[in-house]
Amino acid sequence: MNRPALFATQVRYVNKAYWRNPASAFFTFAFPLMFLVIFTSLLGNGKVHIGALVVKQSTYYVAAMSAFAVVTACYTNVAMNVTFQRDLGVLKRIRGTPIPSWLYLGARVVHALLMAVLLVLLTTAFGAAFYHAHVPSGTTLLRFLVMLAVGAGSFAALGFAITAAIPNSDAAPAVVNASVLPLLFLSGVFIPLGNGTPAWIRWIAKIFPIWHFARGMESGFLGTHFSWNDVLVVGIWGVAGLVLAIRHFSWEPRV
Amino acid sequence: MAVMDRSGSTAVEVRGLTKAYGELTAVAGIDFEIRSGEIFALLGPNGAGKTTTIEILEGYRQRDGGEVSVLGLDPGTQAERLRSRIGIVLQSTGVDRYLTVAETIAMYSAYYPHPRRRDEILELVGLEAKRDSRVLKLSGGQQRRLDVAIALSGDPDLLFLDEPTTGFDPSARREAWEVVKNLAGLGKTVLLTTHYMDEAQYLADRVAVIAGGRIVESGPPATLGGRDTARAVIRFRLPPGAVLPADLAVSPVADGMVELVPETLTATLHRLTGWALEQGIELEDLSMARPTLEDVYLELTGAPGAHHGEHISQEADRRRRRRGSLVP
Ligand SMILES: Nc1ncnc2c1ncn2[C@@H]1O[C@H](COP(=O)(O)OP(=O)(O)O)[C@@H](O)[C@H]1O
Ligand SMILES: [Mg+2]
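Residues numbered from 1 in each chain as written. Chains lettered and ligands numbered in written order. Predicted model: local features only at pLDDT ≥ 70, side-chain atom pairs only at ≥ 80, totals over all residues. Heavy atoms only, no water.

Draft legend 1. Region of the structure containing the coordination of the magnesium ion (ligand 2). Residue and element names in this part refer to chain B. The magnesium ion (ligand 2) binds to the protein through T51 (OG1) and Q91 (OE1), with metal-donor distances spanning 1.9 to 2.2 Å. With T51 in helix α1 (residues 50-58) and Q91 in the loop between β5 (86-89) and α3 (101-109), this pair connects stretches of sequence that are 40 residues apart. The buried category is assigned to T51, whose relative accessible area is 17%. (Donors = N, O, S within 2.8 Å, 3.2 Å for Na, K, Ca; no water. Helix = DSSP H or I, 4+ residues; strand = E, 2+ residues; numbered from the N terminus. Buried < 20%, exposed > 50% of the residue type's maximum accessible area, 1.4 Å probe, protein only.)

This is how it looks when you write it as structure tokens:
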């Protein structure tokens, strides 16, 4: 089988296993949509101030949950699945076959990206139908897609990197959630940062990639200012993740 | 490294192989050779260095010293080329649990340049009936046979099986053994490790007994430890007060048993039973035996059974203690 065909086949098998695993399908797929409905139902009539702009909270959550979906599909899902496969000995077995490592892991990344895109599409359709979300088009759409691609790739790279810090699959949920949940809150993904948000929270948020990525998503759905700086910060995190992953990634269970 | 005949009289050649983990020497200079088409077993207790050795040959671990050639390649530097020609069953390993048996084999087959037909593989490992079952629904024995199926998917010349049946119940082991025998029928070369003596005896053409990182003995299972030429031992219980004739020199062993190692078995047995009949004495528990592979193994690996865990049967342990030491 030639390389592109093998790659496509591999993505298909990842996809099959993905949908048959109730936990991974539920947590990465249903969670963001469920949160969207819950948050918008609970808080949908409030107002969010983004600089001078005031948007309905329900619209805000379309952007926020898109960001959340991408982080879950690419970071959380990749980190958990890869740790699980490593502990199960799947990765070690793969290493003993002729499939190139980049091809095997790349198929998983591409699958994560596809899931992220699908989730963003669903969130968008949902948001447009019920919550007056602005559906990006033209240049806004192009910029939005650049941010989406850079974000998804970077979060996947970080997902691989964090596996080096996870001793075994029992510890995976704890480590992954501890690394991502606080940042989701601090970055205003679950609770919007208002004008009264303490400076230290904004300061921390700006260091990490989630806030920047969420701003990119907002620019698409809410028509806020798009900053290439945000893309850059997310990209730098992605590259750092990739370097760490290449250096510390383990194909064998940790003893 | 010696250039090897590719048409293959020798599949694996190992010379002076060493490997240490920090202070611990896991493999302390071993040599062996596996001929093409042969089933070769590395037999030894836990911690003997079997996995270390086999994973060096597979290209997973780097050796510290010595020369290794697998299908004419050096696994230390040419692992990539080697991988399409070998099949690996690791000591502990998993697969994606949500794919079916058939899907799993198809997925792995796609990695190889010349895969083997899937139906053939399913038949070889006896999983035809399970082809559409999800992996997570398989029993332990069936999963292990799937491991072998995956290792076969690239139609390799050489298969590595690291403890293929450890933890199996007797019937699952029998089934796994038949699968390995089938491989030999296909002309595959097999290197397997085991700590079961009966497994080595049943499957292997040749066995190397490894203990403490050294090969202490090797050869066909029947001749291991000089077993074929070892003299038989006659053992019995002598009633209190009975005195044997002087030419029948026995040595006492535990439980009031005595044993004697005759030079001429038939004549000695005749002499002994003749004497007993004459005296009207019943020789209780009279038996005669050559050392079993188990005896040889225990002697060679030089440790009481309790230290190695489950693989040494109580029976063997009892026999060993009773006998005191091995003949000859
Ligand atoms: N990765 C490792 N790091 C440190 N020590 C190891 C490692 N692998 C094996 N050992 C040690 O090397 C010795 C041989 O182990 P191993 O090759 O697994 O033996 P076997 O497979 O015969 O049970 C054991 O004492 C084991 O604890
Ligand atoms: Mg082992």
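Draft legend 2. View of the side chain of S227 of chain A. All names here are of chain A. Within the fold, S227 resides in the loop between α9 (209-222) and α10 (228-248). Residue classification places S227 among the buried residues on the basis of a relative accessible area of 13%. Separated by 3.1 Å, the side chain of S227 and the backbone nitrogen of N229 make a polar contact. (Polar contact = N/O pair within 3.5 Å; in protein donor to acceptor, adjacent residues only side chain to side chain.)

Draft legend 3. Representation of the site of ligand 1. Residues and elements named next belong to chain B. Close to ligand 1 lie Y21, L24, A26, P45, N46, G47, A48, G49, K50, T51, T52 and R61, which account for all nearby residues. Between ligand 1 and G49, the relevant distance is 3.0 Å, taken from an oxygen atom to a main-chain nitrogen or oxygen of the residue. Between an oxygen atom of ligand 1 and a side-chain N or O atom of T52, the distance comes to 2.5 Å. When ligand 1 sits alone it has 560 Å² of accessible area, and the protein chains cover 63% of it. If you list the elements that add at least two residues to the shell around ligand 1, you get β2 (24-35) and α1. Tallying contributions element by element places α1 first for the shell around ligand 1, with 3 residues. (Near = heavy atom within 4 Å. Areas by Shrake-Rupley, 256 points an atom, 1.4 Å probe, with all protein chains shown as cover.)

Draft legend 4. The packing of helix α6 (residues 138-163) of chain A against α9 of chain A, seen in detail. Residues and elements named next belong to chain A. In the contact formed by α6 and α9, the axes pass within 9 Å of each other and the chain directions differ by 155 degrees. In terms of orientation, α6 and α9 fall into the roughly antiparallel class. Of the two possible hands of crossing, α6 and α9 adopt the one that is left-handed. Residues T140, F144, M147, L148, G151, F155 and L158 of α6 pack against P209, I210, H212, F213, G216, M217, S219, G220 and F221 of α9. By residue class, the composition of the contact of α6 with α9 is 10 nonpolar, 6 polar and no charged. (Axes fitted to C-alpha atoms, helices over the stretch in contact; angles between N-to-C directions. Parallel < 35°, antiparallel > 145°, perpendicular 65-115°, else oblique. Left-handed = near helix turned anticlockwise from the far one by under 90°. Contact = heavy atoms within 4.5 Å. Nonpolar A, V, L, I, M, F, W, Y, C, P; charged D, E, K, R; others polar.)

Draft legend 5. Highlighting the domain arrangement of chain B. Taken domain by domain, chain B comprises domain 1 (10-225) and domain 2 (233-289). The C-alpha-based centres of domain 1 of chain B and domain 2 of chain B are spaced at 46 Å. (Domains from an automatic or database assignment.)

Draft legend 6. Molecular detail of the side chain of T100 of chain B. Assignment of secondary structure puts T100 of chain B in the loop between β5 and α3. Contacts of T100 of chain B, omitting those with residues within four sequence positions, involve R20 of chain A together with R131, D132, S133, R134 and V135 of chain B.

Draft legend 7. Spotlight on the nonpolar core. Ranked by size, the top nonpolar core spans 122 residues in total, and within it M65, V70, F155, V189 and F213 of chain A together with Y111 and L146 of chain B carry the most contacts. Among residues more than four places away in sequence, those in contact with L146 of chain B are V95, V101, T104, I105, L127, V135 and L138 of chain B. Judged by nonpolar contacts, the second largest core, of 28 residues, contains L42, V68, L71 and I88 of chain B. (Core = buried A, V, L, I, M, F, W, Y, C linked by side-chain atoms within 4.5 Å.)

Draft legend 8. Fine view of the interface of chain A and chain B. The partner chain B presents 24 residues to the 24 residues of chain A that form the contact. Interface of chain A and chain B: buried area, both sides summed, is about 2300 Å²; carbon and sulfur atoms make up 57% of it. By the criterion of area lost to chain B, the three top residues of chain A are Y13, R20 and R93 of chain A, representing 32% of everything that side buries. Across the chain A-chain B interface, the total number found is 4 salt bridges. When the shortest N-O distance is used, the salt bridge between K16 of chain A and E103 of chain B registers 3.5 Å. Connecting chain A to chain B are 13 residue pairs in polar contact (both at pLDDT 80 or more). Contributions of two or more residues to the side of chain A that touches chain B are made by α1 (3-20), α3 (57-88) and α4 (90-95) of chain A. Ranked by residues supplied to the side of chain A that touches chain B, first place goes to α1 of chain A with 6 residues. (Buried area = accessible area lost by both parts, 1.4 Å probe. Salt bridge = Lys/Arg side-chain N within 4 Å of Asp/Glu carboxyl O.)

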